Amino acid sequence: MQLTFTAQVFEWRGPAPFYFAAVPDKQAEAIREISRTVTYGWGVIPCKVKVGKTELSTSLFPKNGGYLVPLKDALRKPEGIAVGAEIKITVTIDV
């Protein structure tokens, strides 16, 4: 399954800052439909994420009935992604 969408980058401040983008409701619904067959526990879903020319492996995190895309430094830095930016994300989930 491959989904492409635009989302805004936000920061979650914990002991260390983490950066995420929320999967829009329509795409989150499609992910929920296959989630039981692709999760490896706690509702976390392994995937590949591509922004611009940078692609890497990560996992979607379930949150309030939707999903968050973690934006690792290895993705944000080469693409110059800052908090508040609207970015186009492609998520690929092996089904």
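Structure's up top.
Everything numeric here is computed off the predicted structure, so don't read it as measured data.

What counts as what
- Residues numbered from 1 in each chain as written.
- Predicted model: local features only at pLDDT ≥ 70, side-chain atom pairs only at ≥ 80, totals over all residues.
- Heavy atoms only, no water.
- Helix = DSSP H or I, 4+ residues; strand = E, 2+ residues; numbered from the N terminus.
- Expected span 1.5 Å × (residues − 1).
- Bend = angle between axes of the 7 residues up to and from the residue.
- Buried < 20%, exposed > 50% of the residue type's maximum accessible area, 1.4 Å probe, protein only.
- Contact = heavy atoms within 4.5 Å.
- Phe/Tyr/Trp six-rings, centres within 6.5 Å; stacked < 30°, edge-to-face > 60°.
- Lys NZ or Arg CZ within 6 Å of the ring centre and 35° of its normal.
- Pairing = 2+ DSSP bridges.
- Core = buried A, V, L, I, M, F, W, Y, C linked by side-chain atoms within 4.5 Å.

1. A look at helix α1 (residues 25–38)
Now for step 1: Between its first and last C-alpha, α1 extends 19 Å over 14 residues, near the 20 Å set by a 1.5 Å rise per residue.
Now for step 2: Its axis deflected by about 35° at R32, α1 carries its strongest bend there.
Now for step 3: Among the residues of α1, Q27, A28, I31, I34, S35 and V38 are the ones counted as buried.
Now for step 4: Contacts made by the buried residues of α1 are with β1 (2–13), β3 (45–51), β4 (54–63) and β5 (66–70).

2. Section: the environment of I45
Now for step 1: The topology assignment puts I45 in strand β3.
Now for step 2: Taking the C-alpha atoms as reference points, I45 and M1, separated by 44 residues in sequence, lie 12 Å from one another.
Now for step 3: Those residues in contact with I45 that sit more than four places away from it in its chain are I31, S35, V38, T39, T58, S59, L60, Y67 and I93.

3. Side note on the packing of aromatic side chains
Now for step 1: For the structure shown, the criterion picks out three aromatic pairs.
Now for step 2: Linked through ring pairs, F10, F20 and F61 together constitute an aromatic cluster.
Now for step 3: Positioned over the ring face of Y19 is R76, at 3.7 Å from the centre of the ring.

4. A closer look at the pairing of strand β2 (residues 17–22)
Now for step 1: Note that β1 and β2 share five bridges and pair antiparallel. Residue pairing in the sheet places E11 in a bridge with Y19 of β2.
Now for step 2: Sheet topology places β2 next to β5; three bridges connect them, and they run antiparallel. When the sheet's bridge partners are listed, A22 is paired in β5 with L68.

5. Let's talk about the nonpolar core
Now for step 1: Formed by 26 residues in total, the largest nonpolar core has its most connected members in L60, I89, V91 and I93.
Now for step 2: With residues up to four places along the chain from it excluded, the contact list for V91 reads M1, Q2, L3, F5, C47, K48, V49, L60 and V69.

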